[in-house]
Structures are given as structure tokens and as C-alpha cells.
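Working through the structure, step by step
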Amino acid sequence: MKVTQAGEHDMAIDVICDVCGVSTWDGAGEPQYGTMHTSWGKGSAHCGQEYELHLCERCFFSQIAEMKRARWLAVMFDQEGDAILGDDAYGRIRAPTSDGGSGNT
Ligand SMILES: [Zn+2]
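Residues numbered from 1 in each chain as written. Predicted model: local features only at pLDDT ≥ 70, side-chain atom pairs only at ≥ 80, totals over all residues. Heavy atoms only, no water.

Turning to the coordination of the zinc ion, a few remarks are in order. For a metal bound by four donors in tetrahedral geometry, the ideal donor-metal-donor angle is 109.5 degrees, whereas six donors in octahedral geometry ideally sit at 90 or 180 degrees. Protein-derived coordination of the zinc ion comes from C17 (SG), C20 (SG), C56 (SG) and C59 (SG), at a distance range of 2.3 Å. Around the zinc ion sit 4 donor atoms; with metal-centred angles ranging over 102 to 115°, the donor geometry is tetrahedral. Each donor residue of the zinc ion lies on the same chain, and together they follow the pattern C-x2-C-x35-C-x2-C. (Donors = N, O, S within 2.8 Å, 3.2 Å for Na, K, Ca; no water. Tetrahedral: all angles 85-135°; square planar, octahedral: opposite > 155°, others 65-115°.)

A word on the domain arrangement of the protein chain. Accessible area lost during the coming together of the parts is what is often quoted as the interface size. Along its sequence, the protein chain is carved into domain 1 (1-55) and domain 2 (60-105). Each of domain 1 and domain 2 has a C-alpha centre, and these two points are 23 Å apart. (Domains from an automatic or database assignment.)

As a volume, the largest pocket reaches approximately 370 Å³. The wall of the largest pocket is formed by 20 residues, among which F60, F61, Q63, I64 and M67 lie closest to the centre. Mapped by element, the contributors of at least two residues to the lining of the largest pocket are β3 (34-39), β4 (50-55) and α1 (57-75). Of all the elements, α1 adds the most residues to the lining of the largest pocket, at 7 residues. Each residue belonging to the lining of the largest pocket can be placed in one class, and the counts come to 11 nonpolar, 4 polar and 5 charged. Three or more residues apiece are contributed to the lining of the largest pocket by two domains, here domain 1 (1-55) and domain 2 (60-105). Together, Q32, Y33, G34, L55, C56, E57, F60 and F61 line the second largest pocket. (1 Å grid on protein atoms, 1.4 Å probe; cavity = no way out; pocket = protein on both sides within 12 Å on 5 of 7 lines; lining within 4 Å. Points joined across faces, edges and corners; volume = space filled by probe spheres on them. Helix = DSSP H or I, 4+ residues; strand = E, 2+ residues; numbered from the N terminus. Nonpolar A, V, L, I, M, F, W, Y, C, P; charged D, E, K, R; others polar.)

What follows is the structure, given as C-alpha cells:
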């Protein structure tokens, strides 16, 4: 949940984790959080509904672990089963590179 300061652009001053309720801002820099967002479209049971949830780093990776576990339960007797549990980059689309930039995984 974004905490905004009323003003010209309703600037976000903090983001509270929607799972644990803790601030994602440590007092320096910018709030650090992950976002789960969807806007369901035509053909879905939730057509026209939009959701946005914010998760602190700990809760974000806890949710990823739970997603991996749920995926693993669906395929645990298949060859890919163990690979899913060992995939440290599950869902990641970018990682830092050795030159300080970022690149695709
Ligand atoms: Zn949290």
C-alpha cells in the first residue's frame, strides 16, 4: 500500500507491505518493494478489476518460495520437479552484471 502525501501529484512517501504491514523504506534512498499487479480483461472471471499489491523484500521472496513449492507439487514426479526447487532465479528477468550494470538472466 502506497502512503502518499497530499499535494500536486500525491507523491508516495512510503510503501507499506501488504503482507506483513511493515514499511519498505529504511529512512534512506527510496522504498524497496516488489509489486504484484494485474488488470483482468475480457474473458476472465474478474474482467474489469485491477489489483496492485506491494511486498517488502522478505515477503516478496517468501511468496516466490511458496509459488515454487506450489509449482513443484504439480510436477514433483516429473523430471523438472527438482529443477524448480533449485531454481534461484525463479521469475527473475534481470540480474546485475559484473560491470555494475544489469542484464538478462
Ligand atoms: Zn512484508
